[in-house]
Structure formats: structure tokens, C-alpha cells
Amino acid sequence: MSRGRWAAIGALVAAGAALLAITAGGIGQNLVYYWGPTELHAAGPKAVGASIRLGGLVAPGSIKKGEGASHVEFDVIDRPGGRVHVKCTGVPPQMFREQIGVVVEGTMDKAGYFDGRRLMVSHSNEYRVPGDGEAVDVQKAMRSTQGLDERPKPKEP
Amino acid sequence: MATSKTPYACIGLAVTLLVWGSVWGLFYAPAETYMGDVQRIMYAHVPTAWNAMLALSFAFLCALMSLWRSEMAWDNRLEAALEVGVVLSALLCMQGAIWAKPTWGVWWDWDPRLTTTAVMVFAFGAILALRQFVEDPVKRATWSAVATVIAFADVPIVYFSVRWWNSLHQLQSSPETVSKAFHWPLRINAFGILFLMIGLISLRTRVAALRREEELAPPLPETAPRRAPIAEGARS
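Residues numbered from 1 in each chain as written. Chains lettered and ligands numbered in written order. Predicted model: local features only at pLDDT ≥ 70, side-chain atom pairs only at ≥ 80, totals over all residues. Heavy atoms only, no water.

Caption draft 1: Fine view of the overall build of chain A. Scanning chain A for helices and strands turns up four helices and six strands. The burial tally for chain A puts 42% of its 157 residues in the buried class. Accessible surface, chain A as shown: approximately 8,200 Å² in total, 55% of it carbon and sulfur. (Helix = DSSP H or I, 4+ residues; strand = E, 2+ residues; numbered from the N terminus. Buried < 20%, exposed > 50% of the residue type's maximum accessible area, 1.4 Å probe, protein only. Areas by Shrake-Rupley, 256 points an atom, 1.4 Å probe, with all protein chains shown as cover.)

The following block contains the structure:
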């Protein structure tokens, strides 16, 4: 067999091994972009003072605009039923509303709320004409915003 | 083949489709419920994403063929596909940033989808740089093909990143999650960029072929000093 063919096989094996290491190996599980409220609570005191991204859905009816436009409070919920209160400074993005995905950078405060420094909106994969399927199914929105479709369902409480 | 008008016909068709799809998308399709007019960048962003991945997949195929068959023709196609793929991927990141600022509130964040896409741009971009540093066309073909096959491991990771890990970027949309009024401009532009990509890759392949011809041609007798004939042209 020519050197080129050996090189082709070698490169394919290397690429396949890299892909396998990332999908099946430990890197996949350790790559965490954000924690949901449930994972945040599970971390307990370790979360206090640590730099954390909190992700989830803005709970319906929980948004409170504080003094001025640059302070906002809301609850973030996730599918397993976790809930975290967030206090955020800074003007929220225009898309920010109830029942939309958010990713907040900040840290857990000793007082039990999440002190957000940077608020990002994570919208779902739905694009609708006004009036077409506007009713938001909270469970569905949580799945599609958080990319949890493929995961095993958490135990029902 | 080398003088065929097909690539120009492809590009002509692409321009027609892109004008048709973009005018439809920008002026006739309704605005999205929450994003309003900002959502219209989807008609450029999503087709760019599909075709960037397609171009890089074609580069992967060319790399395998180039190694397997040891034919310069596959290296020429590889060079073309890599270049078009890298340009599309870089455009993808820029369009994404423009869309992200008004919707997510940030231009960029190191979420799995964005990070793996950046890796894709830099990995394939680096292979183009590598090609510039290798003077011997045969070594260049082998090295860049091996590098392309290895770098291609990132492409499926880019696609599945939003499913495997939680991310700021949303999941892939499907016809069910997108209102019907948005479908056609998206499809027309997707075919527009597809034909543009095909036309550009075939033209760029010709440029590569001409350059290879020049590189591999023996030096002219009156200008070149007497040297051993080029041995690299024939592969062992």
C-alpha cells in the first residue's frame, strides 16, 4: 500500500479517536457551560463567591424592575423543579421577558440569591409569525432553550 | 472541462436565487413575534451555516481522495473547498455576532457552539496557512490532506454541540418550530449559497490547477540553469 493510503488511514484513526474521546470520554461530561438552579443548589456553599453561569427559564410572574432601568430581579427555574432568585444590575437585553431562557454570569450570595453581573438571553429554536402558535409551553420552552432534548428525563419529584 | 461555462452559470443562478430569497425575506416575509426585523438575518445565517459545513465536508472527501489516489486534481479541489469553507465559516461567526448582540445581549460568549465553531475557523484557516509554507507540491498535498482529515473531527462536534452540552445557542430549528411564512426565503437562499459555493469551488479549483501546472513544469531551458530534473513530480 502506498504512503498516501497509510496516511489516509492514520489520519482517519486520529480523527476518529479525537471524536470518540470527546463524545464518549470524560471531556464531554466535564464541559459545563452553565448550571441550572438544581445543580446550583446541589453545590451548596461551594457556589458562594465562585464565578458561575446560571442558566434556565425566567419564571412566569417573577420579574421585578428595581430602582431605575438598570436593576432587575427575577426567578430562574429548570426542568427538575429548581428555582433560584436572581438580582441583576445592568440593563437587560430587549428580548428579556417571562418564560425565556437566560444565562446569568455571577455568583451565589450568602443571603441565598444569585448576584448576577452579566445577563444574556437564550432564545428557543422557535420562530413564529405573530399569532401563530404563540402560546408558550413552559416545559417545551425549557427543553429547546436548554438543549436538554436528548438527555434522560430527571426523576419526577 | 477547464473552459466550461458551468461555474459561471452556477454563480449566475446563485445571484438570482439570493436576490429573490433576500428580497422575499427582507420585504415580504412577516417579522418574527419577539425578535421583529432582527430575525431576518436568519435568511443569511442559517444557509451560510449549512453550506459552510457542506464545503468542509467536501474538503474532507477531497482530502481522503487525495491521499488514496495520489492525484493532484484532488489536491486542487481540496485547496478550493478549504478556502470557500473557511470564508463561509468566518462569515457565519460574524453574522452570528450581529444577530447575537440584539437578541442575547452579547456579541460573543464562549458557549460550546460558538467555541467549537471558532475552532473550526482557526483549524481550517491554519491548514490554508500551512499550505503557504510548504514549497514541495507533493508534500503540501499529503500534509494538508492529513491535517484536513484530523480537523474535520470538529465539524460533527459543531453540529451536535447544542445537543450534547447546554449552551447559549439554541437547538437546531426544524420546519415545525419555524412558521411556514419563513420557510421559502430560507430555502431559496440556502440553494443560492449552495450554487455560489459550487461555482466558487470549481473556479478556485481551476486557479489551483494552473498554479500546480506552473509549479510542476520543468524550468525553461534558456532561463533556468542546468539542474537535476524535478523528481517530486512523480510519486513513489
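Caption draft 2: Highlighting the environment of B:Phe124. With respect to the helices and strands, B:Phe124 occurs in helix α4 (residues 112-133). Every residue in contact with B:Phe124, bar those within four places of it in the chain, is listed here: B:Leu56, B:Leu82, B:Val86, B:Thr148, B:Ala151, B:Phe152 and B:Val155. (Contact = heavy atoms within 4.5 Å.)

Caption draft 3: Local environment of a nonpolar patch on the surface. All names here are of chain B. Taken together, the side chains of Val-15, Val-19, Val-23, Leu-26, Phe-27 and Tyr-28 define a hydrophobic patch exposed on the protein surface, amounting to about 630 Å² of accessible area. Within the element layout of this structure, Leu-26 appears in helix α1 (residues 6-28). Owing to a relative accessible area of 46%, Leu-26 belongs among the partly exposed residues under this scheme. (Patch = residues over 30% accessible without salt bridge, like charges linked within 9 Å, V, L, I, M, F, W, Y side chains within 5 Å. Salt bridge = Lys/Arg side-chain N within 4 Å of Asp/Glu carboxyl O.)

Caption draft 4: Layout of the interface of chain B and chain A. Of the residues lining the interface, 47 residues belong to chain B; the matching set on chain A comes to 47 residues. Buried surface at the junction of chain B and chain A, summed over both partners, amounts to about 4,200 Å²; 60% is from carbon and sulfur atoms. A:Arg118 is the partner of B:Asp109 in a salt bridge, and the nearest nitrogen-oxygen pair spans 3.0 Å. For the pair chain B and chain A, the number of links is 18 residue pairs in polar contact (both at pLDDT 80 or more). Among the secondary structure elements, those contributing two or more residues to the side of chain B that touches chain A are α2 (42-69), α3 (72-104), α5 (137-151) and α6 (154-164) of chain B. In terms of residue class, the side of chain B that touches chain A is built from 30 nonpolar, 12 polar and five charged. (Buried area = accessible area lost by both parts, 1.4 Å probe. Polar contact = N/O pair within 3.5 Å; in protein donor to acceptor, adjacent residues only side chain to side chain. Nonpolar A, V, L, I, M, F, W, Y, C, P; charged D, E, K, R; others polar.)

Caption draft 5: Geometry of the pattern of salt bridges. Residues and elements named next belong to chain B. This structure, assessed with the given rule, holds 16 salt bridges over all chains. Measuring nitrogen to oxygen at the nearest pair gives 3.0 Å for the salt bridge that ties Arg-40 to Asp-37. A single salt-bridge network, built from bridges that share partners, covers Asp-75, Glu-79, Glu-83, Arg-131, Arg-140, Arg-204, Arg-212 and Glu-215.

Caption draft 6: Summary view of the environment of B:Leu171. With respect to the helices and strands, B:Leu171 occurs in the loop between α6 and α7 (183-216). Expressed as a C-alpha distance, the spacing of B:Leu171 and B:Arg113, which sit 58 residues apart in the sequence, is 9.8 Å.

Caption draft 7: Looking closely at the packing of aromatic side chains. Residue and element names in this part refer to chain B. Under the counting rule described, the total for this entry stands at nine aromatic pairs over all chains. Between the aromatic rings of Trp-20 and Trp-24, the centroid separation amounts to 6.4 Å while the plane-to-plane angle is 35°, which identifies the pairing as tilted. Here Trp-20 and its partner Trp-24 are both found in helix α1, four residues apart, which amounts to about one turn of the helix. Taken together, the ring pairs in this structure connect Tyr-159, Phe-160, Trp-164 and Trp-165 into an aromatic cluster. Of note, Arg-77 hangs over the ring of Trp-74, and the distance from its end group to the ring centre comes to 4.4 Å. We note Arg-187 situated over the ring of Trp-184; from NZ or CZ to the ring centre the distance is 4.9 Å. (Phe/Tyr/Trp six-rings, centres within 6.5 Å; stacked < 30°, edge-to-face > 60°. Lys NZ or Arg CZ within 6 Å of the ring centre and 35° of its normal.)

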